[in-house]
Amino acid sequence: MIASLSENAARLGSESERRLLIVDDDVRLCDRLARAMATRGFAVETAYHVEDGEELATRWRPDFAVVDLRLTEGSGLDVVAAVRRARPDAKVVILTGYGNFATAVSAVKLGATDYLAKPADADQVEAALMQASADLPPPPDYPMSAERVRWEHIQRVYEQCERNISETARRLRMHRRTLQRILAKHAPRD
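This section reports on the structure supplied with the text.

**A closer look at the pairing of strand S3 (residues 64-68)**
Reasoning step 1: Among the 5 residues that make up S3, 5 are buried, leaving the element largely enclosed by the rest of the structure.
Reasoning step 2: Neither face of S3 is exposed, since Phe-64, Val-66 and Asp-68 on one face and Ala-65 and Val-67 on the opposite face are all buried.
Reasoning step 3: Bridge count for strand S1 (residues 19-23) against S3 is 4 bridges, and the pairing is parallel. Along S3, the bridge assignment pairs Val-23 with Val-67.

**Thoughts on helix H2 (residues 27-39)**
Reasoning step 1: Between the first and last C-alpha of H2 there are 19 Å, a value that for 13 residues agrees with the 18 Å anticipated at 1.5 Å per step.
Reasoning step 2: Those residues of H2 lying buried are Cys-30, Leu-33, Ala-34, Met-37 and Ala-38. For H2, the arc enclosing every buried residue in end-on projection is 135°, short of the 170-degree limit, so these residues lie on one face. The exposed set on the far side of H2, more than 90 degrees from its buried face, consists of Arg-28 and Thr-39.
Reasoning step 3: Within two residues after H2, Gly-41 carries a phi angle of roughly 95°, on the positive side.

**Here we look at the sheet that holds strand S6 (residues 91-96)**
Reasoning step 1: Pairing is parallel across the open sheet formed by 5 strands, whose spatial order is S2-S1-S3-S6-S7. Looking along the sheet, the strands with just one partner apiece sit at the ends: strand S2 (43-47) and strand S7 (114-117). Recorded for the sheet is a direction-independent mean angle of 20° between the axes of neighbouring strands.
Reasoning step 2: Across 4 bridges, S6 lies against S7 in parallel orientation. When the bridges of S7 are listed, Ile-94 appears paired with Tyr-115.
Reasoning step 3: Set on the sheet, helix H3 (residues 50-60) makes contact with S1 and S2; between it and S2 the angle comes to about 150°.
Reasoning step 4: Sheet strands in contact with helix H6 (residues 122-130) are S1, S3, S6 and S7, and its direction is about 130° off that of S3.

**Describing the pattern of salt bridges**
Any two side chains of opposite charge can pair, given that their charged atoms come close.
Reasoning step 1: This model, assessed by the stated rule, comprises 9 salt bridges.
Reasoning step 2: Residue Asp-63 is joined to Arg-87 by a salt bridge in which the shortest nitrogen-to-oxygen separation is 2.9 Å. Placement of Asp-63 in the loop between H3 and S3 and of Arg-87 in the loop between helix H4 (76-86) and S6 is noted, with a sequence separation of 24 residues between them.
Reasoning step 3: Within the structure, one salt-bridge network assembled from shared partners comprises Arg-19, Asp-63, Arg-87 and Asp-89.

**A closer look at the pairing of S1**
Reasoning step 1: The buried fraction of S1 is high, at 5 of 5 residues.
Reasoning step 2: The pairing of S1 with S2 spans 5 bridges and is parallel. Paired with Leu-21 across the bridge in S2 is Glu-45.
Reasoning step 3: Remark: the S1/H2/S2 crossover connection has right-handed handedness.

**Quick notes on the side chain of Arg-19**
Reasoning step 1: Take Arg-19: it is sitting in strand S1.
Reasoning step 2: Polar side-chain contacts of Arg-19 include one of 3.1 Å to the backbone oxygen of Trp-60.
Reasoning step 3: Ignoring anything within four residues of it in the chain, the contact list for Arg-19 reads Ala-43, Trp-60, Arg-61, Pro-62, Asp-63, Phe-64 and Arg-87.

**Some remarks on the nonpolar core**
Reasoning step 1: Counting 23 residues, the largest nonpolar core has Leu-21, Val-23, Val-67, Val-83 and Ile-94 as the members making the most contacts within it.
Reasoning step 2: Of all the secondary structure elements, the ones that give two or more residues to this core are S1, S2, H3, S3, H4 and S6.
Reasoning step 3: With 5 residues, H4 is the single largest residue contributor to this core.
Reasoning step 4: When residues no more than four places from it in sequence are discounted, the contact partners of Val-83 are Leu-21, Ala-57, Ala-65, Pro-88, Ala-90 and Val-92.
Reasoning step 5: Membership of the second largest hydrophobic core comes to 19 residues, among which are Cys-30, Phe-64, Val-93 and Leu-116.

**Describing the packing of aromatic side chains**
Reasoning step 1: All told, the structure shown has 1 aromatic pair when counted by the stated rule.
Reasoning step 2: Ring centres of Phe-42 and Phe-64 lie 5.5 Å apart, and the angle between their planes is 80°; this geometry places the pair in the edge-to-face category. In this pair, Phe-42 is assigned in the loop between H2 and S2 and Phe-64 in strand S3, connecting sequence segments 22 residues apart.
Reasoning step 3: For Phe-42, a relative accessible area of 0% translates into the label buried.

Here is what the cut-offs are and how they apply
Every chain is numbered on its own, with residues counted from 1 as its sequence reads. Where local features are concerned, this predicted model is filtered to residues with pLDDT of at least 70; where side-chain atom pairs are given and counted, the filter is 80 or more; whole-chain, interface and lining totals use all residues. In computing side-chain values, all of the structure's heavy atoms are included and hydrogens and water are not. Under the scheme applied here, a residue whose accessible area is under 20% of the maximum for its type counts as buried, over 50% as exposed, and between as partly exposed, the area being computed with a 1.4 Å probe on protein chains only. Secondary structure follows DSSP: runs of H or I at least 4 residues long count as helices, runs of E at least 2 residues long count as strands, and numbering of each begins at the N terminus. Two strands qualify as a pair provided that DSSP identifies no fewer than 2 bridges between them. How far a helix is expected to stretch is found by multiplying one less than its residue total by 1.5 Å. Within this analysis, the arc is defined by the directions that extend from the helix axis to the C-beta atoms. Lines fitted to C-alpha atoms define the axes here, with helix axes fitted over just the stretch in contact, and angles between the N-to-C directions of these axes take values from 0 to 180 degrees. Contact definition: two residues touch when any of their heavy atoms are within 4.5 Å. Salt bridge criterion: a side-chain nitrogen from Lys or Arg within 4 Å of a carboxyl oxygen from Asp or Glu. The handedness of a crossover follows from its direction of travel: if, with the strands pointing away from the viewer, the path from the first strand over the helix to the second runs clockwise, the crossover is right-handed. For the purposes of these results, a polar contact is taken to be a pair of N or O atoms within 3.5 Å, where, inside protein, one atom must be able to donate a hydrogen and its partner to accept one; residues adjacent in sequence count only when each atom of the pair is a side-chain atom. We call a set of buried residues a nonpolar core when its members are Ala, Val, Leu, Ile, Met, Phe, Trp, Tyr or Cys and they connect through side-chain atoms within 4.5 Å of each other. Ring geometry is summarised as follows: Phe, Tyr and Trp rings, the Trp one being its six-membered ring, pair when their centres sit within 6.5 Å, and such pairs are stacked at plane angles under 30 degrees, edge-to-face over 60 and tilted between the two.

The values reported here are purely geometric and, on their own, carry no functional implication.
Okay, structure coming up:
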């Protein structure tokens with residue numbers, strides 16, 4: 001964990017303190033983001049595992065959290081739920097390199113306020129954390145292609161059908177083997 005918690009708490013005081021929990025199993029990325037956010041006035045704590053993130057969320061009750069979706073030994077969604085239990089008004093941003101529509105929907109349902117794909121820099125993270133909840137985020141510079149939107153929709157229905165190929169194919173009104181070929185391929189590049 002980063003030692004800046006006590007330093008920032010003393011410097012900022014409890015009234016103006018902006019406590020930020022960062023949970024990512026990529027230690028270098030986590031520490032780099034923690035340093036960058038500390039220079040922006042946040043009191044930062046880091047965790048590299050789900051259990052540590054849940055424990056910090058419960059004990060420290062952060063105002064903000066940045067959580068990697070896929071951690072080595074579990075899901076970042078468990079940490080999001082722990083942050084929400086400890087502090088319902090906390091702003092949570094999911095940060096992941098494995099973005100798809102189905103996981104974004106799951107993250108938002110559990111209380112994430114935004115969903116950023118890696119690599120996201122500290123400016124993007126801060127903008128996501130500080131945006132008013134009613135504000136819409138700016139449109140992406142490069143929106144998803146039509147092929148990618150189709151692939152994301154298929155992935156979402158597949159997840160909703162609990163990864164049952166036959167049921168997914170029936171709901172999408174396509175042949176099961178066609179669906180299997182689509183699912184075997186990687187996501188289209190944008």
